[in-house]
Amino acid sequence: MNKSIRGRALTGTVLALATATVLTACGGESASSADTESDKTVDATPAVAVKEPLVATFDGGLYILDGESLKLARTIDLPGFNRVNPAGDKDHVMVSTDSGFRVLDATDQALTDIEYKGAKPGHVVRHAAKTVLFTDGTGEVNVFDPTALSSGKKPSGRTYTSAEAHHGVAIELADGKLVSTLGTEEKRTGALVLDRNNKEIARSEDCPGVHGEAAAKNEAVGVGCEDGILIYKDGTFTKIDSPDDYGRIGNQAGSDTSPVLLGDYKTDPDAELERPTRVSLIDTEKKKLRLVDLGTSYSFRSLARGPHGEALVLGTDGAIHVIDPDTGKIKKKIPVVGDWQEPLDWQQARPTLFVRGHVAYVSEPGKKALHAIDVETGKKITSVTLPKSTNELSGVVAGH
């Protein structure tokens, strides 16, 4: 990566990913089956320092790569299906295993002893200088300052346990309020808000099938519903309905530079796997929802935001579709990988989009490849071929 691109990537990191979730997103109920007692580090090449580390999962382990050259620096054996998300500082990545959330020091290229134990570790959310973990199997929420991970000890922080365990998500706002989902293992219904002392101060149960979270400009928080999206802003919940009776928004991506959230959009409640071609743009200020047809399908690992708030979607046509969130117009398409189809099993590998600053990283499992693209110019920075096909893709992201 040349110096000018590296400079733009560093300065754009906070803008692009300050309020992103993990995930932003998941395709179904959280699950993993890693054997955390048998992990070990194996040299892929002699250990070298990595800049802005990336972490990619493969069947049985983790790859740690240099974020500039994409050079594979270290391989860590970790059997089972593992998930990765930024921890929120410049060094660490959260790894979801069957025993809970584990902390990977991506810079030092080793798993740490820090672990948040619990069955079915779910969403990881970074916002307002805090990282929030939601453990689906227990309903436990853990909030901490990610910069404290550098001490090597588990950070002290806030905890909260949902009334009942469910596949949920939570986010702490700058003023200490905690927004967390409501539900049971069988049914999810909405969200509540807690003050600093975990006292409930607001709730809405007008969000069937609540799933996913993203924060927009001015701390407007959206959680997806099967019939629209629920927005919490300035102490009040507002429901924005889908134009269809069943119009599910389950995965979202936000930017602190834009009041508009990017979401997926599905309309068939009976589909084994719906492959939608439309995405949703939710204006949290005007309280309006717009649908944009891409002309191609995508998956739950396809949504991201650019350094200036652009809505980015990796289509099954192999291109990154760059959308103006204010107008809904597709500004350009950046070809990256070959045509692909989303697999029926959400845990199976498919091309994945991870954006950091001005750089979009895209995996291509069919070719065991990983590509780095300059979002501004649309030009490929570099590519690498890895020993095995990768599944999830993430990296360190400092700042909120």
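Residues numbered from 1 in each chain as written. Predicted model: local features only at pLDDT ≥ 70, side-chain atom pairs only at ≥ 80, totals over all residues. Heavy atoms only, no water.

For the chain, the name recorded in an unreviewed UniProt entry is Zinc metallochaperone AztD, with Streptomyces microflavus as its organism.

Spatially, E13-E14-E15-E16 is the arrangement adopted by the 4 strands of the open sheet, whose pairing is antiparallel. Whereas interior strands pair on both sides, the edge strands pair on one side only; in this sheet they are strand E13 (170-172) and strand E16 (200-204). Across this sheet, the average inter-strand angle for adjacent strands is 25°, counted without regard to direction. Across 4 bridges, the pairing between strand E15 (residues 188-194) and E16 is antiparallel. Residue pairing for E16: Leu194 is matched across the bridge by Glu200. (Pairing = 2+ DSSP bridges. Helix = DSSP H or I, 4+ residues; strand = E, 2+ residues; numbered from the N terminus. Axes fitted to C-alpha atoms, helices over the stretch in contact; angles between N-to-C directions.)

With that out of the way, let us pick up the nonpolar core. Counting 17 residues, the largest nonpolar core has Ile171, Val179, Val193, Cys207, Leu230, Tyr232 and Phe237 as the members making the most contacts within it. Contributing elements (two or more residues each) for this core: E15, strand E18 (220-225) and strand E19 (227-233). With 3 residues, E18 is the single largest residue contributor to this core. When near neighbours in sequence (up to four residues on either side) are disregarded, Leu230 contacts Ala191, Ser204, Cys207, Val221, Gly222, Val223, Cys225, Phe237, Thr238 and Lys239. Judged by nonpolar contacts, the second largest core, of 16 residues, contains Tyr63, Ala372, Leu393 and Val397. (Core = buried A, V, L, I, M, F, W, Y, C linked by side-chain atoms within 4.5 Å. Buried < 20%, exposed > 50% of the residue type's maximum accessible area, 1.4 Å probe, protein only. Contact = heavy atoms within 4.5 Å.)

In this section: the packing of aromatic side chains. By the definition in use, this model includes 6 aromatic pairs. Look at Tyr232 and Phe237: their rings are 5.0 Å apart centre to centre, the planes differ by 55°, and that puts the pair in the tilted class. Residue class for Tyr232 comes out buried when judged on its relative accessible area of 3%. By relative accessible area, Phe237 is classed as buried at 18%. Put simply, the rings of Phe81, Phe300 and Trp346 touch in pairs and so form one group of aromatic residues. (Phe/Tyr/Trp six-rings, centres within 6.5 Å; stacked < 30°, edge-to-face > 60°.)

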